[in-house]
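Each chain, written out:
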Amino acid sequence: MASRPVFRPASKYNFPSSLQTQAIDALRQTSDSGFIILPCGVGKTFLLVQAILDLPPGCSVLALVYEKLAVQQLTNVLKHETTFPKHRICVYGADRRDKLPPQSISTSRLIISTYGALATSAPAGSASLLAQQTIKEQRYNLLLLDECHHSAAPTYRALIES
């Protein structure tokens, strides 16, 4: 049985602040949906990554962020600061669109995308449309919404509710 991924021993993320510890403890104590609202600069990336690492093996995650810098940051932390399997990370954004694994192995993966990359209309029959449909039709064990106030916009709300 595969062990759960963790932060690498030398990672700065092994030393969360008391605020981060309180937030992650609250997440671990519930199975309901919820919001964590924190000011800029207090380490929300740690919380996103820790929530992913806390899932049992075989779970799938969709992480939606607002801008490509957040896609890069989350991807880099997962790849360089944790033991999360790199081959399970799929980035789908404006600048980078990894090939999606076949539906037959759609579980146990992490898709990181911007709201816009999935909410933008793609031409019928295009590879972009097929990728968007594949991502939207998948069921996820965890949906992470960074900058979640953007999810209230009508264009993004339809994406999240699908």
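Located above this text is the structure these notes cover.
Quick look at the structure, then. This one's a predicted model, so the numbers in the text were calculated from it and none came from an experiment.

1. Quick look at the overall build of the chain
- Secondary structure summary: the chain contains six helices and four strands in total.
- The linear arrangement of helices and strands in the chain, starting from the amino end, is α-α-β-α-β-β-α-α-β-α.
- By the compact-globule yardstick of 15 Å for 162 residues, the chain fits well, its C-alpha radius of gyration being 16 Å.
- For the chain, the spread of C-alpha atoms along the principal axes amounts to about 50 × 35 × 30 Å.

2. What to know about the sheet that holds strand β2 (residues 89-92)
- Taken together, the four strands give an open sheet; going across it, the order is β2-β3-β1-β4, and neighbouring strands pair in parallel fashion. Looking along the sheet, the strands with just one partner apiece sit at the ends: β2 and β4 (142-145). Across the sheet, the axes of successive neighbouring strands diverge by a mean angle of 15°, strand direction being ignored.
- By the bridge criterion, four bridges tie strand β1 (residues 61-65) to β4 in an arrangement that is parallel. By the bridge assignment, valine 61 is partnered in β4 with leucine 142.
- In the packing of helix α5 (residues 127-137) onto the sheet, contacts are made with β1, β2 and β3 (110-114), and the angle to β2 comes to roughly 130°.

3. So, the environment of phenylalanine 84
- When you line up the elements, phenylalanine 84 lands in the loop between α3 (68-81) and β2.
- Once the C-alpha coordinates of phenylalanine 84 and leucine 130 are considered, the two residues, 46 residues apart in sequence, prove to be 27 Å apart.
- In contact with phenylalanine 84, not counting residues within four places along its chain, are Pro5, Ile52, Leu53, Leu78, Ile89 and Leu110.

4. Focus: the nonpolar core
- In this structure, Leu78, Leu110 and Ile112 are the most contacted members of the largest nonpolar core, which totals 28 residues.
- Discounting chain neighbours no more than four positions away, the residues touching leucine 110 are Ile52, Val61, Ala63, Leu78, Phe84, Arg88, Ile89 and Cys90.
- Counting 13 residues, the second-largest nonpolar core is a separate cluster that includes Cys90, Ala117, Leu118 and Leu159.

5. Focus on the packing of aromatic side chains
- The tally for this structure, following the rule as stated, stands at two aromatic pairs.
- Relative to tyrosine 13, the ring of phenylalanine 7 has its centre 5.5 Å away and its plane inclined at 15°; by these criteria the two rings are stacked.
- On the numbers, 5.7 Å between centres and 15° between planes, the contact of phenylalanine 7 with phenylalanine 46 is stacked. With phenylalanine 7 in the segment before α1 (18-28) and phenylalanine 46 in helix α2 (residues 44-53), this residue pair connects regions lying 39 residues apart in the sequence. In terms of burial, phenylalanine 7 and phenylalanine 46 fall into one category: buried.

6. A word on the pattern of salt bridges
- Scanning all chains against the criterion turns up three salt bridges.
- Among the salt bridges present, the one from arginine 28 reaches aspartate 54, with a minimum N-O distance of 2.7 Å. With arginine 28 in helix α1 and aspartate 54 in the loop between α2 and β1, this pair connects stretches of sequence that are 26 residues apart.
- Overall, the relative accessible area of 48% leaves arginine 28 in the partly exposed class.
- For aspartate 54, a relative accessible area of 24% corresponds to the partly exposed category.
- Aspartate 98 serves as the salt-bridge partner of arginine 96, at 2.8 Å between the closest nitrogen and oxygen.
- Look at the salt bridges and you will find they share partners, linking Asp25, Arg28 and Asp54 into a network.

7. A word on the packing of α1 against α2
- Across the interface, α1 lies against α2 with an axial gap of 10 Å and an inter-helix angle of 30°. Here α1 runs over α2; the crossing is right-handed. Between α1, through Gln20, Ala23, Ile24, Leu27 and Arg28, and α2, the contact on the second element is made entirely by Phe46, Leu47, Gln50 and Ala51.
- Residue classes in the contact of α1 with α2 are distributed as six nonpolar, two polar and one charged.

The rules behind the values
Residues numbered from 1 in each chain as written. Predicted model: local features only at pLDDT ≥ 70, side-chain atom pairs only at ≥ 80, totals over all residues. Heavy atoms only, no water. Helix = DSSP H or I, 4+ residues; strand = E, 2+ residues; numbered from the N terminus. Rg over C-alpha atoms; globule rule 2.2 N^0.38 Å. Pairing = 2+ DSSP bridges. Axes fitted to C-alpha atoms, helices over the stretch in contact; angles between N-to-C directions. Contact = heavy atoms within 4.5 Å. Core = buried A, V, L, I, M, F, W, Y, C linked by side-chain atoms within 4.5 Å. Buried < 20%, exposed > 50% of the residue type's maximum accessible area, 1.4 Å probe, protein only. Phe/Tyr/Trp six-rings, centres within 6.5 Å; stacked < 30°, edge-to-face > 60°. Salt bridge = Lys/Arg side-chain N within 4 Å of Asp/Glu carboxyl O. Left-handed = near helix turned anticlockwise from the far one by under 90°. Nonpolar A, V, L, I, M, F, W, Y, C, P; charged D, E, K, R; others polar.

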